[in-house]
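Here are the chains, one letter per residue:
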Amino acid sequence: MWEQFVVFTLVLFTFALMIRFLLYFMVVPALLNAQTIARVGKPLNLFTLGDSNGSFPYSWPEQLKQALPDASVFNISKSGRTIGFVNNGDSSLNSSMVIEENLQKAAEFTKDRPFDFIILQLGTNDAKAVFAGRQSEVAANLEKLIKQIKNCRYQVISKAKVVIISPPPYGEKAEAQEKYKGGNRRVEEMSKKFEEIAKRNDCLFINGFKTPGLDINSMTPDGLHLDAIGSRKLIEPLVKIVQK
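Presented here is a report on the structure given in the accompanying data block. It should be emphasised that the depicted structure is a prediction, and the values quoted were computed from it without experimental measurement.

1. Quick word on the pairing of strand 2 (residues 72-77)
Line of reasoning, step 1. Across the six residues of strand 2, five count as buried, placing the element largely inside the fold.
Line of reasoning, step 2. Looking at chain direction, strand 1 (residues 45-50) and strand 2 are connected through six bridges and run parallel. By the bridge assignment, Gly 50 is partnered in strand 2 with Ser 77.
Line of reasoning, step 3. The β-α-β motif built from strand 1, the intervening helix 2 (residues 60-67) and the parallel element strand 2 has right-handed crossover chirality.

Below, the structure is given as structure tokens:
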């Protein structure tokens, strides 16, 4: 009788062990697969358009690449670029005038892979003293530029979400120069108007004038061009937005 009980117990234990192993091999692969799917997201495809603050080796687009190592960042930034003014007598610095050329470059770069976001960080040069009497044109120029992008013939571009980053402040060293005098007040006003334009045109908006942690006087060599730390501060709110 005792021997039968021992045999029965062993059989029951073996059966329970088999069930446990069976469940393990059924459930664990499914969990691992689910975890893999959750971890693997589509890498972002970004198109950045800016002025000199976007053109340096440590600029905000480069900081963006470091913050989002899996993302593709196609950067067309150029020193002296404006939203819609001919700066220094050079029409190629007028974004609106050369946008078709730049959009074509972006489309050729991305081929059939759509951009997720187009990030515009412009306006610093539009606030120069030489354009002080034309500030009423700046907002209209930005709205025109946005529409040129959204209505372009390249679907890989036109479907992307546009992000507007208003210009960072002017520092004391910049304001001390005649060509930049009064610029800080002008970019502050831009930030308010740019936010309105972003809302009206279904764009995302980041207030670069009020960038958290950005000290324009200590994070620029000249009160205008952001150093690596300042550039990183500028893109921190952007990283949060594009990762949502």
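2. Some words on unusual backbone geometry
Line of reasoning, step 1. You will see that Asn 88, though not glycine, has its phi angle at about 55 degrees, which is positive.
Line of reasoning, step 2. Looking at the element boundaries, Asn 88 is found in the loop between strand 2 and helix 3 (95-110).
Line of reasoning, step 3. By relative accessible area, Asn 88 is classed as exposed at 64%.

3. A word on the sheet that holds strand 4 (residues 161-165)
Line of reasoning, step 1. Pairing in this open sheet of five strands is parallel, and the strands run 2-1-3-4-5 from one edge to the other. Among the strands making up the open sheet, the edge pair consists of strand 2 and strand 5 (204-206). Neighbour-to-neighbour, the strand axes of the sheet open up by a mean angle of 20 degrees, direction not taken into account.

4. Quick notes on the pattern of salt bridges
Line of reasoning, step 1. Counting across every chain of the model gives seven salt bridges.
Line of reasoning, step 2. Between Arg 153 and Glu 100 there is a salt bridge whose closest N-O contact spans 3.1 Å. Here the residue Arg 153 occupies a position in the loop between helix 4 (135-150) and helix 5 (155-158), and Glu 100 occupies one in helix 3, the gap between them amounting to 53 residues.
Line of reasoning, step 3. According to the relative accessible area criterion, Arg 153 is exposed, its value standing at 61%.
Line of reasoning, step 4. Note that Glu 189 is salt-bridged to Lys 192, the shortest N-O span being 3.9 Å. Of this pair, Glu 189 and Lys 192 both sit in helix 7 (residues 183-200), three residues apart, which is roughly one turn of the helix.
Line of reasoning, step 5. We classify Lys 192 as partly exposed; its relative accessible area is 46%.

5. Examining the packing of aromatic side chains
Line of reasoning, step 1. A full pass over the atoms with the stated rule returns six aromatic pairs.
Line of reasoning, step 2. Taken together, a centroid distance of 5.6 Å and an interplanar angle of 25 degrees make the contact between Phe 56 and Tyr 58 stacked.
Line of reasoning, step 3. Residue Phe 56 is classed as partly exposed on the basis of its relative accessible area of 25%.
Line of reasoning, step 4. Residue classification places Tyr 58 among the partly exposed positions, given a relative accessible area of 34%.
Line of reasoning, step 5. Ring geometry for Phe 85 and Phe 131: centres 4.4 Å apart, planes at 25 degrees, overall stacked. Highlighted residues: Phe 85 in the loop between strand 2 and helix 3 and Phe 131 in the loop between strand 3 (117-121) and helix 4, separated in sequence by 46 residues. In this pair, the class of Phe 85 matches that of Phe 131, namely buried.
Line of reasoning, step 6. Through successive ring pairs, a cluster of aromatic residues spans Phe 47, Phe 74, Phe 109 and Phe 115.

6. Remarks on the packing of helix 2 against helix 8 (residues 228-242)
Line of reasoning, step 1. The geometry of helix 2 relative to helix 8 is characterised by a closest axis approach of 8 Å and an angle of 60 degrees between their N-to-C directions. Taken together, the axes of helix 2 and helix 8 lie oblique to each other. By crossing handedness, the relation of helix 2 to helix 8 is classed as right-handed. Along the contact surface, helix 2 presents Trp 60, Gln 63, Leu 64 and Ala 67, while helix 8 presents Ala 228, Ser 231, Arg 232, Leu 234, Ile 235, Leu 238 and Val 239.

7. Digging into helix 8
Line of reasoning, step 1. Taking 1.5 Å per residue as the helical rise, helix 8 with its 15 residues ought to reach 21 Å, and the 21 Å between its terminal C-alpha atoms agrees with that figure.
Line of reasoning, step 2. Considering bend angle alone, the principal kink of helix 8 is centred on Ile 235 and spans about 35 degrees; proline Pro 237 follows within four residues of it.
Line of reasoning, step 3. Of the residues making up helix 8, those classed as buried are Gly 230, Ser 231, Leu 234, Ile 235, Leu 238, Val 239, Ile 241 and Val 242.
Line of reasoning, step 4. Of the surrounding secondary structure, the elements contacted by the buried residues of helix 8 are helix 2, strand 3, strand 4 and strand 5.
Line of reasoning, step 5. The residue sitting at the N-terminus of helix 8 and contributing the capping side-chain oxygen is Asp 227; that oxygen lies 3.1 Å from the backbone nitrogen of Ile 229.

8. Remarks on the pairing of strand 3
Line of reasoning, step 1. Buried residues dominate strand 3, accounting for five of its five residues.
Line of reasoning, step 2. Of the two faces of strand 3, both are covered, the one formed by Phe 117, Ile 119 and Gln 121 as well as the one formed by Ile 118 and Leu 120.
Line of reasoning, step 3. Two elements, strand 1 and strand 3, share five bridges in a ladder whose sense is parallel. Looking at strand 3, one finds that Thr 48 is bridged to Ile 119.
Line of reasoning, step 4. Relative to strand 4, strand 3 is paired through four bridges, and the arrangement is parallel. For Phe 117, the partnering residue across the bridge sits in strand 4 and is Lys 161.

How each quantity is defined
- Residues numbered from 1 in each chain as written.
- Predicted model: local features only at pLDDT ≥ 70, side-chain atom pairs only at ≥ 80, totals over all residues.
- Heavy atoms only, no water.
- Buried < 20%, exposed > 50% of the residue type's maximum accessible area, 1.4 Å probe, protein only.
- Helix = DSSP H or I, 4+ residues; strand = E, 2+ residues; numbered from the N terminus.
- Pairing = 2+ DSSP bridges.
- Right-handed = clockwise from strand over helix to strand, strands pointing away.
- Axes fitted to C-alpha atoms, helices over the stretch in contact; angles between N-to-C directions.
- Salt bridge = Lys/Arg side-chain N within 4 Å of Asp/Glu carboxyl O.
- Phe/Tyr/Trp six-rings, centres within 6.5 Å; stacked < 30°, edge-to-face > 60°.
- Parallel < 35°, antiparallel > 145°, perpendicular 65-115°, else oblique.
- Left-handed = near helix turned anticlockwise from the far one by under 90°.
- Contact = heavy atoms within 4.5 Å.
- Expected span 1.5 Å × (residues − 1).
- Bend = angle between axes of the 7 residues up to and from the residue.
- Polar contact = N/O pair within 3.5 Å; in protein donor to acceptor, adjacent residues only side chain to side chain.

Any functional reading would require information beyond the geometric quantities listed.
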